[in-house]
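The residues making up each chain are set out below.
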Amino acid sequence: MRHIRRVSVISTGTVRIRPEHVETNGTPRLWWLTTSRRWTAPRPINVYVIEHEDGLVLFDTGQDRRSVTDPSYFPGGAVGHLYRRLAAFDIPETATLSDQLHALGYDIADVRVAILSHLHQDHIGGLRELPRSARVLVGSADLASVDKRFAVLDGLLREHIRVPGVDWVAIDPAPIQDDAIAPFERAHDVIGDGSLLLLPTPGHTSGSLSLLLRSDGLPTMLFVGDLTYDAELLAADRVPGVGTRKLLHETTRRVNQLVSRHPGTVVLAAHDPAAAGLLEAALTAEGTDR
Ligand SMILES: [Zn+2]
């Protein structure tokens, strides 16, 4: 059954991060965050746009442009200093979520479901632009973290997450009977037709979710958020410097097992410079097969 008509990627500007963020060098996050002197080249802040026959589904919503135009967007003091050391954003005027969707021929008012892989700043940026009718799906453990006392130190900017009018849906993937997703045993069926399954992929955050897309006429896709910053590093079981290392390795191995059982699966991360090219190549290859 063909449920999904089109898959695209847009980017709400670019971000430079630390090399130790892309791949751990074994030191704790706070160490490299306060001492690193290097930045990566600019990387995308991807939002994946899935045109399902029942409506538009987003995987992540990018970085808010106000983070580069509004001096009060980030906390002040020492915490603000850490945020500035973590990531350096460049967001052109036309790189808002609404504008980028418009460039693809969509209207943000048509978004029916927005899935957030997790709640860090560069994934929640479009929340204020979404229509009130949109459902916003996020891992329940991550949603629960927002109101914890020192959430801001875990990269959670409560005032930009707890946006009035957002229809939050906390997701806890439950056991399902679907041998095709092994070694995963739990999933949340986003639409109810099996085409979009949310899988628990803890590591970067405890509630992090990945999205498995399966539809006739399209390659199998796995959107992994920030489980990795580079699909080749993921395939080699090399993990980032943010998150719980043991969990990152466990989840990475599960993802690699899943992918190995479905040859041709394209793994699409939020900040992988290669992602747009991987998506295009996979869509082109699938198109010539038919
Ligand atoms: Zn991110």
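This text gives an overview of the structure that appears in the document. These numbers come from a predicted model, not from an experiment. (Residues numbered from 1 in each chain as written. Predicted model: local features only at pLDDT ≥ 70, side-chain atom pairs only at ≥ 80, totals over all residues. Heavy atoms only, no water.)

1. Some thoughts on the overall build of the chain
No. 1: Scanning the chain from N- to C-terminus turns up 11 helices and 13 strands.
No. 2: Taking 290 residues into account, the globule formula puts the C-alpha radius of gyration at 19 Å, and the chain, at 18 Å, falls close to it.
No. 3: Each principal axis of the C-alpha distribution contributes one length, and for the chain these read about 55 × 40 × 35 Å.
No. 4: Out of the 290 residues belonging to the chain, those deemed buried represent 52%.
No. 5: Long-range pairs, those at least 24 residues apart, make up 68% of the contacts in the chain between residues at least 6 apart in sequence. (Helix = DSSP H or I, 4+ residues; strand = E, 2+ residues; numbered from the N terminus. Rg over C-alpha atoms; globule rule 2.2 N^0.38 Å. Buried < 20%, exposed > 50% of the residue type's maximum accessible area, 1.4 Å probe, protein only. Contact = heavy atoms within 4.5 Å.)

2. Thoughts on the environment of Thr284
No. 1: With respect to the helices and strands, Thr284 occurs in helix α11 (residues 275-289).
No. 2: Residues Thr284 and Ser36 lie 248 residues apart in sequence; the distance between their C-alpha atoms is 40 Å.
No. 3: Within the structure, Thr284 has its side chain in polar contact with the backbone oxygen of Glu280 (distance 2.7 Å). (Polar contact = N/O pair within 3.5 Å; in protein donor to acceptor, adjacent residues only side chain to side chain.)

3. Overview of the coordination of the zinc ion
Perfect tetrahedral coordination of a metal by four donors corresponds to 109.5 degrees between them, and perfect octahedral coordination by six donors corresponds to 90 or 180 degrees.
No. 1: Surrounding the zinc ion are the protein donor atoms Asp122 (OD), His123 (NE2), Asp226 (OD) and His271 (NE2), which sit 2.0 to 2.2 Å from the metal.
No. 2: Of note is the zinc ion, whose four donor atoms meet at the metal with angles of 77 to 157° in an arrangement that counts as irregular.
No. 3: In terms of primary sequence, the donors binding the zinc ion are separated according to D-H-x102-D-x44-H. Of this pair, Asp226 sits in the loop between β12 (221-225) and α9 (231-235) while His271 sits in the loop between β13 (266-269) and α11; the two residues are 45 residues apart in sequence, bridging distant segments of the chain. As far as burial versus exposure is concerned, Asp226 and His271 are alike and both buried. (Donors = N, O, S within 2.8 Å, 3.2 Å for Na, K, Ca; no water. Tetrahedral: all angles 85-135°; square planar, octahedral: opposite > 155°, others 65-115°.)

Bear in mind that shape data such as this cannot, by itself, settle questions of function.
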